[in-house]
There are 2 protein chains.
Amino acid sequence: MSAANTDVPSLVSTRLPSPVPSAEHDQCPVTEILRRVGDKWSVLVVVLLGQRTYRFNELHRGIDGISQRMLTRTLRGLELDGLVLRTVHPSVPPSVEYSLTPLGSSLLHPLSALADWALRHQLEIAAVRGRPAHGSVGLAGYGLSRSPSGS
Amino acid sequence: MSAANTDVPSLVSTRLPSPVPSAEHDQCPVTEILRRVGDKWSVLVVVLLGQRTYRFNELHRGIDGISQRMLTRTLRGLELDGLVLRTVHPSVPPSVEYSLTPLGSSLLHPLSALADWALRHQLEIAAVRGRPAHGSVGLAGYGLSRSPSGS
DNA sequence: CCGGATCCAGCGGGATACTG
DNA sequence: CAGTATCCCGCTGGATCCGG
């Protein structure tokens, strides 16, 4: 990360035609994934499920701030994309368990790359913005090294 | 991508307390980055600027689908975060050039990791969704070639 | 316990017109 | 050429009530 245009892994094919081809209805798979990642809750859910299997209200309590509606929609979306597996146990009180599929689990890797980048450069960004990095708050929302200080 | 929960690099601290701590106002730097990445145009602009310096209307034509309003706002946002550098040349017809800062350039790496994941799994996702991957449209809008090269 | 249905505020984002 | 300003629509996402 020295020069502006050193060698970037991939992403660009050395040269695009002229105008970016698609982008009309962005059916581009990368764009869709990007939207998913940019989603306010999807990543949180995926990260949590990356640890173990969770039940609905367990996730609801675990995320703190999400509404049932959003949790439901997020899980449905992730399920539709094959990232999350929904398992219903026929109990007297309905019990549903959510877990990550192998596909969803594999997403954790590129995700961690992004999170890592954000952590390493948060100070630079905060400095440019003029916004102090409010202490050394690490990755509070993601449970990356933080004490069980009661919420 | 075999087991569901192998070992994921970072992201989680091996164990979280119980409920995710913050998430109240998500000042978390990772969340902010995620929003940026999820942004409809930011990534496109960053990727384009990853190739070379562009002028305003050059980007406008190059992205195809973006409005001036959004291009301006996107560039301003990226500029505020120190990812993009804006250079004004005092010419008779105003000329402004945009380029990536080293910081912005470094973002291309984790970004390519995500794009790479999306490309490798787009078929699985499309299959689960029941939506055919509309032909073998690779990465139309992103022109990712191959060889993630050693980052 | 799980989640669907409804109502509603906020803002992301497109179209258009105007300025320096 | 490089924006700024205004209008306006649709989606996101929170709150709440309701049903199985």
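Residues numbered from 1 in each chain as written. Chains lettered and ligands numbered in written order. Predicted model: local features only at pLDDT ≥ 70, side-chain atom pairs only at ≥ 80, totals over all residues. Heavy atoms only, no water.

As annotated in an unreviewed UniProt entry, chain A carries the name DNA-binding HxlR family transcriptional regulator and comes from Allocatelliglobosispora scoriae.

All names here are of chain A. The 3 strands lie next to each other as β1-β3-β2, forming an open sheet whose pairing is antiparallel. Only two strands of the sheet have a single partner each, and these edge strands are β1 (54–55) and β2 (84–89). By the bridge criterion, 2 bridges tie β1 to strand β3 (residues 95–100) in an arrangement that is antiparallel. Bridge pairing in β3 links Arg 55 to Glu 97. (Pairing = 2+ DSSP bridges. Helix = DSSP H or I, 4+ residues; strand = E, 2+ residues; numbered from the N terminus.)

A separate point is the side chain of Thr 74 of chain B. Position of Thr 74 of chain B relative to the elements: it lies in helix α4 (residues 68–80). With residues near it in sequence (within four places) discarded, Thr 74 of chain B still touches Asp 39, Trp 41, Ser 42 and Val 45 of chain B. (Contact = heavy atoms within 4.5 Å.)

Within the structure, DNA strand C sits among 19 residues, and Phe 56, Asn 57, Arg 76, Arg 86 and Tyr 98 of chain A are positioned closest to it. Of everything in DNA strand C that lies within 4 Å of the protein, sugar and phosphate atoms constitute 71%. In this structure, Arg 55 of chain A approaches DNA strand C through a side-chain N or O atom, which is 3.2 Å from a sugar or linking oxygen. Taking Pro 94 of chain A, its main chain carries an N or O atom lying 3.5 Å from a sugar or linking oxygen of DNA strand C. For the surface near DNA strand C, the secondary-structure elements that each account for two or more residues are α3 (56–63), α4 (68–80) and β3 of chain A together with α4 of chain B. (Near = heavy atom within 4 Å. Polar contact = N/O pair within 3.5 Å; in protein donor to acceptor, adjacent residues only side chain to side chain.)

Our focus in this paragraph is the pattern of salt bridges. Taken as a whole, this structure holds 12 salt bridges over all chains when the rule is applied. Two residues, Arg 129 of chain A and Asp 81 of chain B, come together in a salt bridge whose shortest N-O distance is 2.5 Å. Taken together, the residues Arg 129 of chain A in helix α5 (residues 102–129) and Asp 81 of chain B in the loop between α4 and β2 (84–89) connect one chain to another. Glu 58 of chain B is the salt-bridge partner of Arg 52 of chain B, the closest N and O atoms lying 3.0 Å from each other. A relative accessible area of 28% means that Glu 58 of chain B is categorised as partly exposed. Among the charged side chains, a salt-bridge network with shared partners connects Glu 32, Arg 36 and Asp 81 of chain A together with Arg 129 of chain B. (Salt bridge = Lys/Arg side-chain N within 4 Å of Asp/Glu carboxyl O. Buried < 20%, exposed > 50% of the residue type's maximum accessible area, 1.4 Å probe, protein only.)

Interfaces are often sized by the amount of accessible area the parts lose when they come together. All names here are of chain A. In terms of domain boundaries, chain A breaks down into domain 1 (22–101) and domain 2 (108–142). Contact residues are listed per partner, giving 7 residues for domain 1 and 5 residues for domain 2. Together domain 1 and domain 2 conceal approximately 490 Å² of surface at their shared face, both sides included; 88% is due to carbon and sulfur atoms. In this assembly, domain 1 and domain 2 are joined by 0 salt bridges. Run the count over domain 1 and domain 2 and you get 0 residue pairs in polar contact (both at pLDDT 80 or more). The greatest single-element share of the side of domain 1 that touches domain 2, amounting to 4 residues, is contributed by helix α2 (residues 42–49). Here the residues of the side of domain 1 that touches domain 2 are counted per class, giving 6 nonpolar, 1 polar and no charged. (Domains from an automatic or database assignment. Buried area = accessible area lost by both parts, 1.4 Å probe. Nonpolar A, V, L, I, M, F, W, Y, C, P; charged D, E, K, R; others polar.)

As a further point, take the packing of α2 of chain A against α4 of chain A. Residues and elements named next belong to chain A. The contact between α2 and α4 brings their axes to 10 Å, and the two run at 70°. When the axis of α2 is compared with that of α4, the two are roughly perpendicular. Within the contact between the two elements, α2 uses Ser 42, Val 45 and Val 46 and α4 uses Leu 71, Thr 74, Leu 75 and Leu 78. Here the contact of α2 with α4 is composed, by residue class, of 5 nonpolar, 2 polar and no charged. (Axes fitted to C-alpha atoms, helices over the stretch in contact; angles between N-to-C directions. Parallel < 35°, antiparallel > 145°, perpendicular 65-115°, else oblique.)

Looking now at the packing of aromatic side chains. Following the criterion strictly, the structure yields 0 aromatic pairs over all chains and no others. If you follow Arg 52 of chain A out to its NZ or CZ, it ends over the ring of Tyr 54 of chain A, 3.9 Å from the centre. (Phe/Tyr/Trp six-rings, centres within 6.5 Å; stacked < 30°, edge-to-face > 60°. Lys NZ or Arg CZ within 6 Å of the ring centre and 35° of its normal.)

Next up on the list: the UniProt feature "domain: HTH hxlR-type" (unreviewed entry) in chain A. Within this structure's numbering, the places UniProt gives as "domain: HTH hxlR-type" (unreviewed entry) are residues 28–126 of chain A. Counted over residues 28–126 of chain A, helix gives 65% and strand 14%. Its end C-alpha atoms are 32 Å apart. (UniProt positions renumbered as here; feature names shortened; annotations may be inferred.)

On to the protein's contact with DNA strand D. Taken together, 20 residues lie near DNA strand D, and Arg 69 and Met 70 of chain A together with Asn 57, Arg 86 and Tyr 98 of chain B sit nearest. Here, DNA strand D places atoms within 4 Å of the protein, and 68% of those atoms are sugar or phosphate. The contact in question runs from a sugar or linking oxygen of DNA strand D to an N or O atom on the side chain of Arg 55 of chain B, over 3.1 Å. Per-class residue counts for the surface near DNA strand D are 7 nonpolar, 5 polar and 8 charged.

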